[in-house]
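# Fold and geometry: a report
Below are the chains, spelled out letter by letter.
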Amino acid sequence: MSFDDIIDRFGSHSVKWDMMDKLYGVPKEDGIAMWVADMDFRPPECVVKSLDAMAETGVYGYYGEDASYRAAIQWWMNERHGWDLDPAHIFTTHGLVNGTAMCVEAFTQPGDGVVLFTPVYHAFARVISAAGRDVVECEMTRQDGRYELDFDAYDAQMTGKERMLVFCSPHNPSGRVWSKAELQAVAAFAKRHDLILVSDEIHHDLVFPGHTHIPMATLHGLEDRLVMMTAATKTFNIAGSHTGNVIIADPDLRARFAAKMAGLGLSPNSFGLFMTEAAYSPEGAAWVDELVQYLDGNRQIFDAGVNAIPGLASMPMASTYLAWVDFDGTGMDRSEFTRRVEQDARIAANHGPTFGTGGDSFMRFNFATPRARVIDAVERLQAAFADLQ
Ligand SMILES: Cc1ncc(COP(=O)(O)O)c(C=O)c1O
């Protein structure tokens, strides 16, 4: 399979393609879906075969004896991220939105504050609010076109009712990879305010050449407050399997999380475990290396084309396949630039305000799609904003 192959996803219950007309008014006939974070690529053969082999048995019973699955996760984190984890510390949840919600339930009470550095992945705020906790938005600042964390401001903002910080590393929507010094500063902030630190690292494998992701778990002295969240789903485009890992070294936090899972009767769906184990393999690793090269090529084309439009600025990104584009320089209000993207360019992209404070003038574009489509999207955007040239 080549990443250039165009796969028709219409009629497959794809949220990204089959819902874009309903949600964004972007027509099926010639629209381009660049919103939800899944890719238009098939996973590597090892993953497809694992599912085929499982399906072929014709028996779809409960999953058990998960030692090889845990060992595959341990191998991947060690091999790819230099993180030596204990397989006994792994919980498998129904994805990481579910993992975040479970952390909120396990480690906070109604009325507690949960801190987010905004703009950030929108589902965090959704599950925190739905659980009756307060979302405490700490807005990031911008320096040289990229996001920075302003801890003096955040220290002043804390009231004492905050119990947890959900941190996104690498960062969605900006594609920022945090340095060791930045991670240490985040850890110090969590300690200063006695916060449980939930580090969502779902994008950790999709890091462009020249940048290195550092797992929060490789920092020292955080074990008693750290919850790590990872998954194979973004990396291998298997998000429909709704499988994620919540990894907790501290025995007390682990017991609280386990009690919450037991109370809700949660256990994983076997299909996701089969695919994850197959993905976390040398064959899966070789595929990811090729994928990242391809995504990097798409990134360069998308950024160059978009940044050539006066008034538009795609934030420099070190990871993910989600470009965060600022329309502020157009001088247009949000409804006008959104109308041009959706109705003139016929592209469905995420609206910035859903990512929280600081997102108003932005839209997020998913370029994990065959290159011909990325080129088409860039040309459409250039035409939709041609009057600014
Ligand atoms: C930072 C982050 N966390 C979690 C998710 C979704 O995770 P899941 O599909 O496992 O619920 C996404 C999806 O885009 C994401 O960007």
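This text follows the structure it describes.
Quick summary incoming for the structure in this document. (Residues numbered from 1 in each chain as written. Predicted model: local features only at pLDDT ≥ 70, side-chain atom pairs only at ≥ 80, totals over all residues. Heavy atoms only, no water.)

This brings us to helix α6 (residues 122-130). Ala123, Phe124, Val127 and Ile128 are the residues of α6 that are buried. For α6, the buried positions fall inside an angular range of 130° around the axis, keeping them on one side. Relative to its buried face, α6 has exposed residues pointing more than 90 degrees away, namely Arg126 and Ala130. (Buried < 20%, exposed > 50% of the residue type's maximum accessible area, 1.4 Å probe, protein only. Helix = DSSP H or I, 4+ residues; strand = E, 2+ residues; numbered from the N terminus. Arc of directions from axis to C-beta.)

If you look at the biggest cluster of nonpolar residues, it comprises 95 residues, and the most contacted ones within it are Phe117, Phe167, Met216, Phe302, Phe365, Leu381 and Phe385. Here the element with the most residues in this core is helix α12 (residues 282-307); it accounts for 9 residues. In contact with Phe302, not counting residues within four places along its chain, are Met34, Ser314, Ala323, Val325, Phe365, Phe367, Val374, Val378 and Leu381. (Core = buried A, V, L, I, M, F, W, Y, C linked by side-chain atoms within 4.5 Å. Contact = heavy atoms within 4.5 Å.)

Moving on, we get to the layout of surface pockets. For the largest pocket, the calculated volume is near 1200 Å³. Along the walls of the largest pocket sit 47 residues, with Val36, Ala37, Asp38, Ala239 and Gly240 positioned nearest its centre. Those elements that place two or more of their residues in the lining of the largest pocket are α1 (15-18), α2 (20-24), α3 (45-56), α5 (96-107), α6 and α9 (233-236). Its residues assigned to classes, the lining of the largest pocket shows 22 nonpolar, 16 polar and 9 charged. (1 Å grid on protein atoms, 1.4 Å probe; cavity = no way out; pocket = protein on both sides within 12 Å on 5 of 7 lines; lining within 4 Å. Points joined across faces, edges and corners; volume = space filled by probe spheres on them. Nonpolar A, V, L, I, M, F, W, Y, C, P; charged D, E, K, R; others polar.)

This paragraph deals with the sheet that holds strand β12 (residues 322-326). Spatial strand order, β11-β12-β15-β14: 4 strands in an open sheet with antiparallel pairing. A strand with exactly one partner marks an edge of an open sheet, and here the two such strands are β11 (313-314) and β14 (350-351). When β14 meets strand β15 (residues 362-366), the two strands line up antiparallel, connected through 2 bridges. Counted as the bridge partner of His351 is Met363 from β15. (Pairing = 2+ DSSP bridges.)

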